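Below are the chains, spelled out letter by letter.
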Amino acid sequence: MFGLSELAIVLIVIAVVVGVRKLPELTRSAGRSARILKAEARAMKESEPVPEAADREPRVIRGEAVRRDPPAAGDQGPAGRG
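Chemist: I'd like a rundown of the overall build of the chain, residues and numbers included.
Modeler: What the chain contains, in helices and strands, is 2 helices and 0 strands. Taken across its 82 residues, the chain has 2% of its residues classed as buried. Here the chain displays about 8800 Å² of accessible surface, and carbon together with sulfur accounts for 60% of that area.

Shown next, in the form of structure tokens:
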């Protein structure tokens, strides 16, 4: 019976044999993806740092409280009127 490492080697060999034609295209695509990821990571590091939550003052949002009374016994709401 095959162990996990032998099975992995067999699957890798099969993938290489079947995918020989696609291998250059796949490696190019992986290289492009790695370059894009690296550039995005660099851009995030260079962007303005966001202050920590502990350093910021609390944000105050002004508003008004609205009290909703329960509907009266015979009231069916806006859809029932008219």
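Chemist: Before we move on, can you summarise a nonpolar patch on the surface with the specific residues and values?
Modeler: Taken together, the side chains of L7, I9, V10, L11, V13, I14, V17 and V18 define a hydrophobic patch exposed on the protein surface, amounting to about 750 Å² of accessible area. With respect to the element layout, I14 can be found in helix α1 (residues 4–18).

Reading the values: the criteria
- Residues numbered from 1 in each chain as written.
- Predicted model: local features only at pLDDT ≥ 70, side-chain atom pairs only at ≥ 80, totals over all residues.
- Heavy atoms only, no water.
- Helix = DSSP H or I, 4+ residues; strand = E, 2+ residues; numbered from the N terminus.
- Buried < 20%, exposed > 50% of the residue type's maximum accessible area, 1.4 Å probe, protein only.
- Areas by Shrake-Rupley, 256 points an atom, 1.4 Å probe, with all protein chains shown as cover.
- Patch = residues over 30% accessible without salt bridge, like charges linked within 9 Å, V, L, I, M, F, W, Y side chains within 5 Å.
- Salt bridge = Lys/Arg side-chain N within 4 Å of Asp/Glu carboxyl O.

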